[in-house]
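# Per-entry structural report
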Amino acid sequence: AGLSGACAAIHVSDMGGIAFIAAIPVPIIPDGNQRQIDCGALGAWFEEIGPDACLIENVQPMPSIADVEGKRRSMGATSAFRFGFACGQIRGCVQAYQIPLTLVHPISWKKHFGLKGPNKEQSRQLALKLVPDAAESLRLKKSHNLAEGLLIAIYGAHQRGWL
């Protein structure tokens, strides 16, 4: 979720095969000197793909933590507000389209796939292995958010007993 996230859609066949439908960066529009979710574009994507269910990563603003030098580091109040606003826009759009929604903690889906640490390339490689027909969408290393969207979709299919 959030402004740098991605949306991904898969189809699970009766035989348990995974087919890639689409993956897009979360659509955004300018908001003064900031950005926000383009709910119209996100809704149009929902209409195009007709999802049966939606999983959204249940993320939190970065808490105040000490770095290796003992300096405090955190997401400022304005950033935390904008982050929460973006997450709320996505959830609101899903609910407006009456798509069944499940929130999933990052640790849950990552543990399911055996992913450890912040290695985004590992997620991209796993998504390529599990959904080879998504190769064109995942060809760039910077496509890791699209890959994570796909992995969350696959995790959701597992949780619902579709795989």
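You'll find the structure just up there.
Read on for an overview of the structure. These figures come from a predicted structure and were not determined experimentally.

Rules and cut-offs
- Residues numbered from 1 in each chain as written.
- Predicted model: local features only at pLDDT ≥ 70, side-chain atom pairs only at ≥ 80, totals over all residues.
- Heavy atoms only, no water.
- Axes fitted to C-alpha atoms, helices over the stretch in contact; angles between N-to-C directions.
- Helix = DSSP H or I, 4+ residues; strand = E, 2+ residues; numbered from the N terminus.
- Parallel < 35°, antiparallel > 145°, perpendicular 65-115°, else oblique.
- Left-handed = near helix turned anticlockwise from the far one by under 90°.
- Contact = heavy atoms within 4.5 Å.
- Nonpolar A, V, L, I, M, F, W, Y, C, P; charged D, E, K, R; others polar.
- Core = buried A, V, L, I, M, F, W, Y, C linked by side-chain atoms within 4.5 Å.
- Buried < 20%, exposed > 50% of the residue type's maximum accessible area, 1.4 Å probe, protein only.
- Arc of directions from axis to C-beta.
- Phe/Tyr/Trp six-rings, centres within 6.5 Å; stacked < 30°, edge-to-face > 60°.

## As for the packing of helix α1 (residues 39–49) against helix α2 (residues 77–96)
At their nearest, the axes of α1 and α2 sit 10 Å apart, and the two run at 40 degrees to each other. Taken together, α1 and α2 sit at an angle that is classed as oblique. With respect to the hand of their crossing, α1 and α2 are arranged in right-handed fashion. Counted together, C39, L42, G43 and F46 of α1 and Q89, I90, C93 and V94 of α2 form the full contact between these two elements. When its residues are assigned to classes, the contact of α1 with α2 shows six nonpolar, two polar and no charged.

## Topic: the nonpolar core
Ranked by internal contacts, the top residues of the largest apolar core, which has 22 residues, are I10, W109, F113, L138 and L151. Mapped by element, the contributors of at least two residues to this core are β1 (6–12), β2 (18–25), α4 (120–130) and α5 (144–159). Here this core gets nine residues from one element, more than from any other, and that element is α5. Leaving out residues up to four positions away in the same chain, L151 has contacts with W109, F113, L115, S123, L126, A127 and L130. Formed by 16 residues, the second largest nonpolar core is a distinct cluster that contains C7, L42, W45 and C54.

## Structural notes on α1
Since one α-helical turn is 3.6 residues long, residues separated by three or four positions face the same way. Among all positions of α1, only L42, G43, W45, F46 and I49 are buried. One side of α1 holds all its buried residues, which, seen down the axis, span an arc of 155 degrees. In this structure, α1 carries G40, E47 and E48 as exposed residues pointing more than 90 degrees from its buried face. Residues of α1 that are buried sit in contact with β1, β2, β4 (34–37) and α2. Within two residues after α1, G50 carries a phi angle of roughly 55 degrees, on the positive side.

## Quick word on the packing of aromatic side chains
A full pass over the atoms with the stated rule returns three aromatic pairs. For the pair W45 and F46, a centre-to-centre distance of 6.2 Å together with 50 degrees between the ring planes defines the contact as tilted. Note on W45: relative accessible area 7%, which makes it buried. The exposure class assigned to F46 is buried, which follows from its relative accessible area of 7%. Centre to centre, the rings of F46 and Y97 are 5.8 Å apart; their planes meet at 70 degrees, and the pair counts as edge-to-face. Linking F46 in helix α1 with Y97 in the loop between α2 and β8 (101–104), this pair joins segments that are 51 residues apart in sequence. Taking the relative accessible area as the measure of exposure, Y97 reaches 35% and is therefore partly exposed. The rings of W45, F46 and Y97 are connected pair by pair, giving a single aromatic cluster.

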